[in-house]
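Examination of the molecular architecture
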Amino acid sequence: MALPPQLKPIQHHIRTAQEHEKRDPVVAYYCRLFAVQSGMKLDSKSPECRKFLVRLMDQLEAMKKEMSDNDSITQDVVGNAHIENYALKLFMYADNEDRAGHFHKNMIKSFFTASLLLDVLSVFGELSEENVQQRKYARWKATYIHQCLKNGETPQSGPMALEQLDEAAAGEDDEPGFSRGGSFSGPPLDPNPAPIGFNPAPDSSNINSIHVQPGAHAPANTPADLHPPPAAKPVPTPRTATNLAPSSPDPQPGGFQLTPEDFTQAQKYCKYAGSALQYEDVNTAVQNLQKALRLLTTGRE
């Protein structure tokens, strides 16, 4: 089934879902969820768009049933952490290649896919300013490096200043090498879509092999004018978490009193630790558990 022209802005998210159908079904699920939510805002009334979106929703329902025992699907906090971890691992892979001066199609694809997955985080709530800047940087880098290679020029490696990103913002909605007026290549619901000029982003095994510094859920490699986050900063707090803390906590032995927000934050640290263990990232899991323990025993983060 062809993608209606009105829904062109979601074509790359649909393709990313197809590419991750087998390597990471959770990523595929949330990419399709983002595509449906965005598509409904673009055009939910024309017959061709309604038919396309209904088919996507049917796919989502089938996937949700198949993964009904997966915490990343049933719990927003875990799902948010899964997508963000995956996006930032892709970002870090591409950024490390960029800093090393290794410019190739796979790293361009990784930058661009990371930016698409940062889009997808909006299904959990408003993006943090940090995510917005990471998305902008990743998409700009993909476009910039692609254009340099296409023109036979050597790209400038490493971070770029924010004003350079602003200059190129006009083209950030296009995949590098994919024209703004171009058509969507291949049937959007084909589980094995034809490539469109790039090798696939690293598969799950390669993503898991990427070394992540302890606690580095966000790259310290964002635009030059941004202050890098602390090395042990956890995944940004999802906006959809449910406050499960007791309404009137008892005073602690140290004389302080934990607030409902403290209990909620401790729960989140524990969830982040569980998500890190899915990637066999022991250091990050330990650091988040230590944060939870410190908060619960001292009342301070």
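Residues numbered from 1 in each chain as written. Predicted model: local features only at pLDDT ≥ 70, side-chain atom pairs only at ≥ 80, totals over all residues. Heavy atoms only, no water.

A word on the environment of V132. Mapped onto the secondary structure, V132 falls in helix α7 (residues 129–150). V132 gets classed as partly exposed once you look at its relative accessible area, which sits at 26%. For the pair V132 and S115, spaced 17 residues apart in sequence, the C-alpha to C-alpha distance is 9.2 Å. (Helix = DSSP H or I, 4+ residues; strand = E, 2+ residues; numbered from the N terminus. Buried < 20%, exposed > 50% of the residue type's maximum accessible area, 1.4 Å probe, protein only.)

Another aspect to go through is the packing of helix α1 (residues 11–19) against helix α2 (residues 25–42). Look at α1 against α2: their axes get within 8 Å of each other, and the N-to-C directions meet at 160°. Our classification of the angle between α1 and α2 gives roughly antiparallel. The crossing of α1 and α2 is left-handed. Residue-level contacts link H13, I14, T16, A17 and Q18 of α1 to A28, C31, R32, F34 and A35 of α2. Residue classes in the contact of α1 with α2 are distributed as six nonpolar, three polar and one charged. (Axes fitted to C-alpha atoms, helices over the stretch in contact; angles between N-to-C directions. Parallel < 35°, antiparallel > 145°, perpendicular 65-115°, else oblique. Left-handed = near helix turned anticlockwise from the far one by under 90°. Contact = heavy atoms within 4.5 Å. Nonpolar A, V, L, I, M, F, W, Y, C, P; charged D, E, K, R; others polar.)

Our next topic: the side chain of D24. As for its placement among the helices and strands, D24 is situated in the loop between α1 and α2. Buried within the structure, D24 lacks any salt-bridge partner; its nearest side chain of opposite charge belongs to R23, at an N-O separation of 8.5 Å. Looking at D24, its side chain comes within polar contact range of the side chain of H82, at 3.0 Å. (Lys, Arg positive; Asp, Glu negative; His and termini not counted. Salt bridge = Lys/Arg side-chain N within 4 Å of Asp/Glu carboxyl O. Polar contact = N/O pair within 3.5 Å; in protein donor to acceptor, adjacent residues only side chain to side chain.)

Another aspect to go through is the packing of α2 against helix α6 (residues 105–120). Interaxial distance between α2 and α6 falls to 9 Å at its minimum, and their mutual angle equals 65°. As α2 runs across α6, the sense of the crossing is left-handed. Contacts between α2 and α6 pair V27, Y30, C31 and F34 from the former with L117, D119 and V120 from the latter. Residue classes in the contact of α2 with α6 are distributed as six nonpolar, no polar and one charged.

What the rule picks out here adds up to six salt bridges. Its salt-bridge partner being E19, residue K109 comes within 3.2 Å of it at the nearest N-O pair. With a gap of 90 residues between them, K109 in helix α6 and E19 in helix α1 connect regions that are remote in the sequence. The class for K109 is buried, based on a relative accessible area of 5%. Residue K141 pairs with D98 through a salt bridge whose shortest N-O separation is 2.8 Å. Note that K141 is positioned in helix α7 and D98 in helix α5 (residues 76–99), a separation of 43 residues in sequence. On the basis of relative accessibility, which here comes to 0%, the residue K141 falls in the buried class. On the accessibility criterion, D98 (0% relative accessible area) is buried.

Turning next to a nonpolar patch on the surface. A cluster of nonpolar side chains, M40, V54 and M57, forms an exposed patch at the surface whose accessible area comes to about 230 Å². As for its position among the elements, V54 is in helix α3 (residues 47–66). (Patch = residues over 30% accessible without salt bridge, like charges linked within 9 Å, V, L, I, M, F, W, Y side chains within 5 Å. Areas by Shrake-Rupley, 256 points an atom, 1.4 Å probe, with all protein chains shown as cover.)

This part is about the confidence of the model for the protein. For the protein, the average pLDDT comes to 75, and 67% of its residues sit at 70 or higher. pLDDT under 50 marks residues 170–174. Its contacts with residues more than four places away, or in other chains, come to 13 contacts. Confidence drops under a pLDDT of 50 for residues 177–250, and excluding neighbours within four residues, the segment shows 183 contacts in the predicted structure. (pLDDT = per-residue confidence, 0-100.)

Attention now goes to α3. Relative to the 28 Å expected for 20 residues at 1.5 Å per residue, α3 spans 29 Å between its end C-alpha atoms, a close match to the ideal helical length. Taken together, the buried positions of α3 are occupied by C49, F52, L53, L56, L60 and M63. One side of α3 carries all its buried residues, which in axial view fall inside an arc of 90°. Opposite the buried face of α3, by more than 90 degrees, sit the exposed residues P47, K51, D58, K65 and E66. Where α3 is buried, its residues contact α1 and α2. (Expected span 1.5 Å × (residues − 1). Arc of directions from axis to C-beta.)

What follows covers the packing of aromatic side chains. This model, assessed by the stated rule, comprises six aromatic pairs. Ring plane angle 85° and centroid distance 5.1 Å describe the contact between Y29 and Y30, whose orientation is recorded as edge-to-face. For the pair shown, Y29 and Y30 are each scored as buried. Ring centres of F111 and Y137 lie 6.5 Å apart, and the angle between their planes is 90°; on these two criteria the pair is classed as edge-to-face. Placement of the pair is F111 in helix α6 and Y137 in helix α7, with a sequence separation of 26 residues. Both residues of the pair, F111 and Y137, belong to the buried class. Taken together, Y29, Y30 and F124 form an aromatic cluster joined through their ring pairs. (Phe/Tyr/Trp six-rings, centres within 6.5 Å; stacked < 30°, edge-to-face > 60°.)

What follows deals with the side chain of Q133. On the secondary structure map, Q133 appears in helix α7. Within the structure, the side chain of Q133 is placed 2.9 Å from the side chain of E129, a separation counted as a polar contact.

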